[in-house]
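Here is what each chain is made of, one letter per residue.
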Amino acid sequence: MQLVIISGRSGSGKSIALQALEDLGYYAIDNLPAMLLDSLVEELRDQGDRTHLAVSIDARNLPGALAKLPELLKELRQRTIKCQIVYLTTDARILLERYSATRRRHPLTRNSSLTLEEAIDKEEQTLHEIRDLADLTIDTTRLSVHDLRRRITDQVAHQRRDQLTLTFESFGYKRGVPLDADIVFDVRCLPNPYWDPALRGSTGRDADIIAFLSSYPLVDDMTRDIEAWLERWLPAYQHSQRSYMTVAIGCTGGQHRSVYIAEQLAQRIANLMGEVQLRHRELGLQYTVNAPL
């Protein structure tokens, strides 16, 4: 059986993620009390016709229920049930804007005197147990509905057992470090094409930027050093039962240097792993890089 637990902050897209899995054939249940998870799994296993289960477990649970989840998950995994926990998060300021725009009530403001901001903070504290257990964290701050559905399809539904799903993500520091980054490399020390007016409008995927950056030995040295570090340590992460890893590459604006380095690394590491995911946050692009035949 494959079990996917969707959790995270209210307003971050949990319902969309659950619906995406339901559309892919998962038996999906929203707002499942954590105490019922074990009996639900056993019931479906006994029936034998439900091998893919997706449930949403969040802060609406009874007090103390989430604290028992780590031990429950340990028991489930001992029964050869493949279990993935996906945690969705969004910047608190964006959540405030979303609730203000939709005029919906936050679940923790019902039957309480909490303000919306206080409820958002309390929910984050309540979910720390399951957040720390997450196999995959997805920051939905800048994701559209279609982007989130694609991430769930590519990284969760199509994730293969015992294989590390590696994602390279370029970003700009001026918009903050991605919340779902596991490892971050800062490439702002490299020559910056931005200062050449003729190059300013291009990206790290364009021929003129590629020519500019590849002309500096320092850029290739940085790329090769990061590549060597990943080749040395990725097997260790994989052997520790790690299912997902996001390697973020950052420059000032997320348009030139980080995009170029992420492209180079994705192509080189794909030769080692066969397939990696590549995401350019500031360009709004995401795709798969496969090793050449």
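Everything below is about the structure printed above this text.
What you see is a predicted model, and the numbers here were worked out from it, not measured in a lab.

Peer 1: Any details on the overall build of the protein? Residues and values, ideally.
Peer 2: Within the protein one finds 10 helices and 10 strands. In summary, the protein has a C-alpha radius of gyration of 21 Å against a globular reference of 19 Å for 293 residues, a match within 12%. Its C-alpha atoms give the protein principal-axis dimensions of about 60 × 45 × 30 Å. Buried positions account for 45% of the 293 residues belonging to the protein. The contacts in the protein between residues at least 6 apart in sequence include a share of 75% that link residues at least 24 apart. A total of about 14,500 Å² of accessible surface is found on the protein, and carbon and sulfur atoms cover 49% of it.

Peer 1: Give me the packing of helix α2 (residues 37–47) against helix α3 (residues 69–78): which residues, what numbers.
Peer 2: Where α2 meets α3, the closest approach of the two axes is 10 Å, and the angle between their N-to-C directions is 20°. One way to sum up the angle between α2 and α3 is to call them roughly parallel. In terms of crossing hand, the pair formed by α2 and α3 is right-handed. Taken together, the residues of α3 that come into contact with α2 (itself represented by Leu37, Asp38 and Val41) are Leu69, Leu72, Leu73 and Leu76. Each residue belonging to the contact of α2 with α3 can be placed in one class, and the counts come to six nonpolar, no polar and one charged.

Peer 1: Break down unusual backbone geometry for me, citing the residues and quoting the values.
Peer 2: If you check the backbone angles, asparagine 31 has positive phi at about 55° while not being a glycine. Relative to the helices and strands, asparagine 31 resides in the loop between β2 (27–29) and α2.

Peer 1: An account of the packing of helix α9 (residues 217–239) against helix α10 (residues 257–273) is needed here, citing residue identities and associated values.
Peer 2: It is the contact of α9 with α10, at a shortest axis distance of 10 Å, that shows an interaxial angle of 40°. Between α9 and α10 lies a crossing whose hand is right-handed. Counting all contacts with α9, which are made through Val219, Asp220, Thr223, Arg224, Ile226, Glu227, Leu230, Glu231 and Leu234, the residues of α10 involved are Tyr260, Ile261, Gln264, Leu265, Arg268, Ile269, Leu272 and Met273. When grouped by side-chain class, the residues that make up the contact of α9 with α10 number 10 nonpolar, two polar and five charged.

Peer 1: Could you give an account of α3, naming the residues involved and the relevant values?
Peer 2: Every buried residue belonging to α3 is among Leu69, Leu72, Leu73 and Leu76, and all of these are buried. Around the axis of α3, the buried residues are gathered within 100° of arc, so they sit on the same side. Summarising the contacts, the buried residues of α3 are in contact with β1 (2–8), α2, β4 (82–89) and α6 (128–133). Trailing α3 by a residue or two, threonine 80 shows a phi angle of about 60°, which is positive.

Peer 1: Go over the nonpolar core with me, naming the residues and quoting the values.
Peer 2: Grouped together as the largest cluster of nonpolar side chains are 30 residues, with contacts concentrated most on Leu166, Phe168, Val247, Ile249, Ile261 and Val276. Of all the elements in the fold, those that place two or more residues in this core are β6 (165–172), β7 (183–186), α8 (207–214), α9, β8 (244–251), α10 and β9 (275–280). For this core, the leading source of residues is α10, giving seven residues.

Peer 1: Quick rundown of the pattern of salt bridges? Include the residues and the values.
Peer 2: Applying the stated criterion to the full structure yields 22 salt bridges. Note that arginine 131 is salt-bridged to glutamate 124, the shortest N-O span being 3.1 Å. Since its relative accessible area comes to 29%, arginine 131 is described here as partly exposed. The partner of glutamate 169 in a salt bridge is arginine 279, and the shortest N-O contact between them spans 3.2 Å. Of the two residues, glutamate 169 sits in strand β6 while arginine 279 sits in strand β9, which places them 110 residues apart along the sequence. For arginine 279, a relative accessible area of 5% gives the class buried. Through salt bridges with shared partners, one network takes in Asp220, Asp221, Arg224, Glu227 and Arg268.

Peer 1: Summarise empty space enclosed by the protein; cite the residues concerned and give the values.
Peer 2: Over the atoms rolls a probe the size of a water molecule, and its path tells where empty space is left. Using the criterion set out here, one finds one cavity of 30 Å³ or more in the structure. What lines the largest cavity is Ser10, Asp58, Ala59, Arg60, Pro107, Leu108 and Glu123. Classifying every residue of the lining of the largest cavity by side-chain character gives three nonpolar, one polar and three charged.

Peer 1: If you had to explain the side chain of arginine 9 to someone new, which residues and values would you point to?
Peer 2: Residue position: arginine 9 is located in the loop between β1 and α1 (14–23). A relative accessible area of 8% places arginine 9 in the buried class. Separated by 3.3 Å, the side chains of arginine 9 and glutamate 124 make a polar contact. Beyond its immediate sequence surroundings of up to four residues, arginine 9 is in contact with Lys14, Tyr87, Leu88, Thr89, Thr90, Ala92, Leu95, Ile120, Glu123, Glu124 and Leu127.

Peer 1: I'd like a rundown of the layout of surface pockets, residues and numbers included.
Peer 2: What the largest pocket holds in volume is close to 530 Å³. As for the largest pocket, its lining consists of 23 residues, and the residues nearest its centre are Ser10, Gly11, Ser12, Gly13 and Arg104. Looking at the lining of the largest pocket, the elements with two or more residues in it are α1, α4 (92–102) and α7 (145–157). In terms of residue count, α1 provides more of the lining of the largest pocket than any other element does, four residues in total. By residue class, the composition of the lining of the largest pocket is six nonpolar, nine polar and eight charged.

Reading the values: the criteria
- Residues numbered from 1 in each chain as written.
- Predicted model: local features only at pLDDT ≥ 70, side-chain atom pairs only at ≥ 80, totals over all residues.
- Heavy atoms only, no water.
- Helix = DSSP H or I, 4+ residues; strand = E, 2+ residues; numbered from the N terminus.
- Rg over C-alpha atoms; globule rule 2.2 N^0.38 Å.
- Buried < 20%, exposed > 50% of the residue type's maximum accessible area, 1.4 Å probe, protein only.
- Contact = heavy atoms within 4.5 Å.
- Areas by Shrake-Rupley, 256 points an atom, 1.4 Å probe, with all protein chains shown as cover.
- Axes fitted to C-alpha atoms, helices over the stretch in contact; angles between N-to-C directions.
- Parallel < 35°, antiparallel > 145°, perpendicular 65-115°, else oblique.
- Left-handed = near helix turned anticlockwise from the far one by under 90°.
- Nonpolar A, V, L, I, M, F, W, Y, C, P; charged D, E, K, R; others polar.
- Arc of directions from axis to C-beta.
- Core = buried A, V, L, I, M, F, W, Y, C linked by side-chain atoms within 4.5 Å.
- Salt bridge = Lys/Arg side-chain N within 4 Å of Asp/Glu carboxyl O.
- 1 Å grid on protein atoms, 1.4 Å probe; cavity = no way out; pocket = protein on both sides within 12 Å on 5 of 7 lines; lining within 4 Å.
- Points joined across faces, edges and corners; volume = space filled by probe spheres on them.
- Polar contact = N/O pair within 3.5 Å; in protein donor to acceptor, adjacent residues only side chain to side chain.

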